[in-house]
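Results of the structural survey
Here's the letter readout for the chains.
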Amino acid sequence: MRHRSHALAAALALSCATLQAATPAKPATPEADATVLRETANALFAPVPATIETVRGQAITAAQVELGKSLWFEPRLSRSHVISCNTCHNVATGGADNVPTSIGHGWQKGPRNSPTVLNAVLNVAQFWDGRAADLKEQAKGPVQASVEMNNTPARVEATLRSIPGYVDAFTRAFPGEREPVNFENMARALEAFETTLVTPDSRFDRFLAGADSLDATELRGLSLFVDKGCSACHSGANIGGQAYYPFGVVERPGAQVLPAGDKGRFAVTQTASDEYVFRAAPLRNVALTAPYFHSGQVWDLRQAVAIMGSSQLGHELDASEVEAITRFLGTLSGRQPQVANPVLPASTSSTPRPE
Ligand code: HEC
Ligand code: HEC
């Protein structure tokens, strides 16, 4: 009896050693695997907060959010009176426009794909090249860009001041200011509204919190996302949007995906090492925001994942790895903001006419 149990113990020890060698430091059951993976994931990522209370240390008020919402849908911020922020960042379609590169004033095509505004408040800086420090600074750009809304601060102020409903709304949003209707406050109000465009409660966030909300393929995808090194660049609450890297660390993708003319962050810093450097794209809601990359040339998320493997990691992911990672990325779609279409105050005889 003693002899037999000895033999059994020895055999068990042997098979355990073999198992351990094959799968080092991994617990044996799927449940235990998920627990370890959840701990790893919580160390690398964070859930999207349900609400954002402040920007740059200042409280956001309900009056600012309300005004910002009107401005977000306000086509009269554009010279043509037909283009609003929502034209290119449609909150009904993942906060993006789902075309390769945006169409702006006079049907002009811009140079880059429209990134989602959902959770943009969580990014370290705004734009594919991070050239705007925050949402307030960012909001002044598209209004003036000739290929976007093609307007001027003076014309925007004249427009808003000609509409009594806006004068009231700015006064409520920025109480105590002598001339509250100004371009700077337009940007502040837009920023306040954009802080409400967050998408909490994704299946991935529920997994982080302890729920069994991911299936086996999605768990494998998460595991691959971490083990292959995607999370080295795509981490934090927005699964990216935190730092800048060359597009093509190991191997530059073809000129269609990475057009030679757009050198990314080089235009911001004028530093040679920043050529073709871009912000690691935030991957929240990425399943909703095709086409992909700053060029908007890739429609299939699987293809975008495969390109990342070869360009950033020097690794040809096989079809089942690409599928699993793509399925994992699908779990990053959160609760979409429910935005009621605002009724905008009417123009008056002194409102500048569309051009
Ligand atoms: C004609 C289309 C168009 C319009 C109109 C437009 N945008 Fe954009 N938006 C873009 C494109 C394209 C980019 C990326 C440009 C770049 O990176 O150089 C962008 C970038 C952004 C970003 C940065 C997001 C990120 O992840 O970096 C925010 C925020 C944003 N826009 C907000 C706004 C606001 C607010 C308005 C209205 C005042 C607006 N946009 C109007 C096309 C548009
Ligand atoms: C060295 C840093 C780095 C690594 C590693 C990396 N990425 Fe990226 N990722 C980026 C950058 C930078 C971009 C933006 C590229 C551009 O300019 O369009 C990006 C863009 C993306 C996009 C496009 C998102 C969009 O909205 O257009 C996806 C999807 C993506 N990455 C997934 C992955 C996956 C999956 C992996 C692992 C296989 C990975 N990335 C590894 C830096 C990285």
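What you are looking at is a predicted structure, and each value in this text was computed from that prediction instead of being measured.

**Considering helix α2 (residues 30-44)**
Here α2 spans 21 Å end to end across 15 residues, near enough to the 21 Å set by a 1.5 Å rise per residue. Looking only at α2, the buried set comprises Ala34, Leu37, Arg38 and Ala41. Along α2, the residues classed as buried sweep out an arc of 110 degrees about the axis, all on the same side. Projecting away from the buried face of α2 at angles above 90 degrees are the exposed residues Glu39 and Ala43.

**Points about the coordination of the iron atom of ligand 2**
Taken together, the protein ligands of the iron atom of ligand 2 are His234 (NE2) and Met308 (SD), with distances of 2.1 to 2.2 Å. Each of the six donor atoms around the iron atom of ligand 2 contributes to a set of angles spanning 88 to 180 degrees, which defines the coordination as octahedral. Here the residue His234 occupies a position in the loop between α10 (216-227) and β3 (244-246), and Met308 occupies one in helix α12 (residues 301-313), the gap between them amounting to 74 residues. According to the relative accessible area criterion, Met308 is partly exposed, its value standing at 22%.

**Observations concerning the coordination of the iron atom of ligand 1**
When a metal holds four donors in a tetrahedron, each ideal angle between them is 109.5 degrees; when it holds six in an octahedron, the ideal angles are 90 or 180 degrees. No other protein atom reaches the iron atom of ligand 1 as a donor apart from His89 (NE2), found 2.0 Å away. Tracing the backbone shows His89 in the loop between α4 (85-88) and α5 (135-144).

**Regarding the environment of Thr101**
By secondary structure assignment, the location of Thr101 is in the loop between α4 and α5. Separated by 155 residues in sequence, Thr101 and Gln256 place their C-alpha atoms 13 Å apart. Residues within four places of Thr101 in sequence aside, it is in contact with Lys109, Gly110, Pro111, Arg112, Asn113 and Ser295. For Thr101, the side chain forms a polar contact with the main-chain oxygen of Gly110, separated by 2.9 Å.

**Regarding helix α6 (residues 153-161)**
For α6, the full list of buried residues reads Arg155, Val156, Glu157, Thr159 and Leu160. Packed against the buried residues of α6 are α3 (62-72), α5, α7 (164-173) and α8 (183-194).

**Looking at the site of ligand 2**
In the region of ligand 2, 23 residues are neighbours, and Cys230, Cys233, His234, His294 and Met308 sit closest. Within the side chain of His234, one N or O atom sits 2.8 Å away from a nitrogen atom of ligand 2. Only β4 (277-279) and α12 provide two or more residues apiece to the shell around ligand 2. For the shell around ligand 2, a count of residues per class yields 18 nonpolar, four polar and one charged.

**With respect to the packing of α12 against helix α13 (residues 319-330)**
Geometrically, a packed helix pair is captured by the angle between its two axes and the distance between the axes. Relative to each other, α12 and α13 sit at 115 degrees, their axes nearing to 9 Å. Considering the relative orientation of α12 and α13, their crossing is right-handed. On α13, the residues that touch Leu301, Arg302, Val305 and Ala306 of α12 are Val322, Glu323, Ile325, Thr326 and Leu329. For the contact of α12 with α13, a count of residues per class yields six nonpolar, one polar and two charged.

**A word on the UniProt feature "domain: Cytochrome c" (unreviewed entry) in the protein**
Under the present numbering, the feature "domain: Cytochrome c" (unreviewed entry) in UniProt falls on residues 63-171 and 216-333. Between the end C-alpha atoms of residues 63-171 there is a gap of 9 Å, over a span that is 38% helix and 0% strand.

**A short note on the site of ligand 1**
Close to ligand 1 lie 30 residues; Cys85, Cys88, His89, Phe127 and Arg279 are nearest. Between Phe127 and ligand 1, the recorded distance is 2.6 Å, taken from a backbone N or O atom to an oxygen atom. Between ligand 1 and Trp128 there is a distance of 2.9 Å, counted from an oxygen atom to a backbone nitrogen or oxygen. In this structure, ligand 1 is accommodated by the largest pocket. Taken together, the elements giving at least two residues each to the shell around ligand 1 come down to α4, α5 and α8. Looking at which element gives the most residues to the shell around ligand 1, the answer is α5, with five residues. Tallied by class, the residues present in the shell around ligand 1 amount to 15 nonpolar, 10 polar and five charged.

**Description of the layout of surface pockets**
One number sums up the size of the largest pocket: a volume of about 670 Å³. If you trace the largest pocket, you find 34 residues lining it, with His89, Phe127, Gln138, Pro142 and Glu148 closest to the centre. Taken together, the elements giving at least two residues each to the lining of the largest pocket come down to α4, α5 and α8. For the lining of the largest pocket, the class distribution of residues is 18 nonpolar, 11 polar and five charged.

Conventions and cut-offs
Residues numbered from 1 in each chain as written. Chains lettered and ligands numbered in written order. Predicted model: local features only at pLDDT ≥ 70, side-chain atom pairs only at ≥ 80, totals over all residues. Heavy atoms only, no water. Helix = DSSP H or I, 4+ residues; strand = E, 2+ residues; numbered from the N terminus. Expected span 1.5 Å × (residues − 1). Buried < 20%, exposed > 50% of the residue type's maximum accessible area, 1.4 Å probe, protein only. Arc of directions from axis to C-beta. Donors = N, O, S within 2.8 Å, 3.2 Å for Na, K, Ca; no water. Tetrahedral: all angles 85-135°; square planar, octahedral: opposite > 155°, others 65-115°. Contact = heavy atoms within 4.5 Å. Polar contact = N/O pair within 3.5 Å; in protein donor to acceptor, adjacent residues only side chain to side chain. Near = heavy atom within 4 Å. Nonpolar A, V, L, I, M, F, W, Y, C, P; charged D, E, K, R; others polar. Axes fitted to C-alpha atoms, helices over the stretch in contact; angles between N-to-C directions. Left-handed = near helix turned anticlockwise from the far one by under 90°. UniProt positions renumbered as here; feature names shortened; annotations may be inferred. 1 Å grid on protein atoms, 1.4 Å probe; cavity = no way out; pocket = protein on both sides within 12 Å on 5 of 7 lines; lining within 4 Å. Sits in = over half its atoms within 2 Å of the grid points. Points joined across faces, edges and corners; volume = space filled by probe spheres on them.

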